[in-house]
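Residues per chain, in single letters:
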Amino acid sequence: QVQLVESGGGLVQAGGSLRLSCAASGGTFGYYRMGWFRQAPGKEREFVAAISWSGGTTLYADSVKGRFTISRDNAKNTVYLQMNSLKPEDTAVYYCARRQAGGSSYAMTDYDLWGQGTQVTVSS
C-alpha cells in the first residue's frame, strides 16, 4: 500500500529557505496530481500548492505565490516544495497529498492519501 512520507521541515529564521520532500513508499505516484497543504495551530488546513502529474501545470495559494515552488521527480516518486523568503506566518505543519481524479486542486476532500506532516517553524 502506498504511503506518503514528508521530510525537510525544521526551524528557520524569517527570510530563510527550506525544501520539503514527499516520497511515496510501497508504490508510485503514477499519474496522480499532487498537492501540499498546511495547518497552523488553531487554524484549518489550507491549500498551498499543487502540481499535475507531468509537472507542467502548477497552482499556488496567493499567500505563497512568488516565494514557493512545487516540483516533482516521477522517477524518484518524490514531490518537492521549495520555500524561500519564509515568514513567521508560514509556520505550520505541512502535508503532501495525492489528488483523486477530477475534483479541485484546492479542496482537501478531493485528496485521498495524506502524509503524516512535517513541522515548519519560522522565527522572527
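Conventions used here
Residues numbered from 1 in each chain as written. Predicted model: local features only at pLDDT ≥ 70, side-chain atom pairs only at ≥ 80, totals over all residues. Heavy atoms only, no water. Helix = DSSP H or I, 4+ residues; strand = E, 2+ residues; numbered from the N terminus. Rg over C-alpha atoms; globule rule 2.2 N^0.38 Å. Buried < 20%, exposed > 50% of the residue type's maximum accessible area, 1.4 Å probe, protein only. Contact = heavy atoms within 4.5 Å. Areas by Shrake-Rupley, 256 points an atom, 1.4 Å probe, with all protein chains shown as cover. Lys, Arg positive; Asp, Glu negative; His and termini not counted. Charge placed at Lys NZ, Arg CZ, Asp CG, Glu CD. Pairing = 2+ DSSP bridges. Axes fitted to C-alpha atoms, helices over the stretch in contact; angles between N-to-C directions.

Trainee: Can you lay out the overall build of the protein chain for me, pointing to particular residues and giving the numbers?
Mentor: When helices and strands are counted, the protein chain shows zero helices and eleven strands. Walking the protein chain from its N terminus toward its C terminus, one meets helices and strands in the order β-β-β-β-β-β-β-β-β-β-β. A compact globule built from 124 residues would reach a C-alpha radius of gyration of about 14 Å, and the protein chain, at 13 Å, matches this within 12%. Overall size of the protein chain, expressed as C-alpha extent along the three principal axes, is 40 × 25 × 25 Å. Classification of the 124 residues of the protein chain by burial places 44% in the buried group. The contacts of the protein chain with a sequence gap of at least 6 include a subset with a gap of at least 24, amounting to 56%. When the accessible surface of the protein chain is split by element, carbon and sulfur atoms take 48% of a total near 6,300 Å². For the protein chain, the distance from the average position of its 12 positive side-chain charges to the average position of its 9 negative side-chain charges is 5 Å.

Trainee: Which residues make up the sheet that holds strand β8 (residues 78-83), and what values go with them?
Mentor: Across a sheet, paired strands are connected by hydrogen bonds in the backbone, their directions being either parallel or antiparallel. Ordered by their spatial adjacency, four strands build an open sheet running β1-β3-β8-β7, and the pairing between neighbours is antiparallel. Strand pairing shows two members of the sheet lacking a second neighbour, β1 (3-7) and β7 (68-73), which therefore form its edges. Strand after strand, the sheet turns through a mean of 15° between neighbouring axes, direction not considered.

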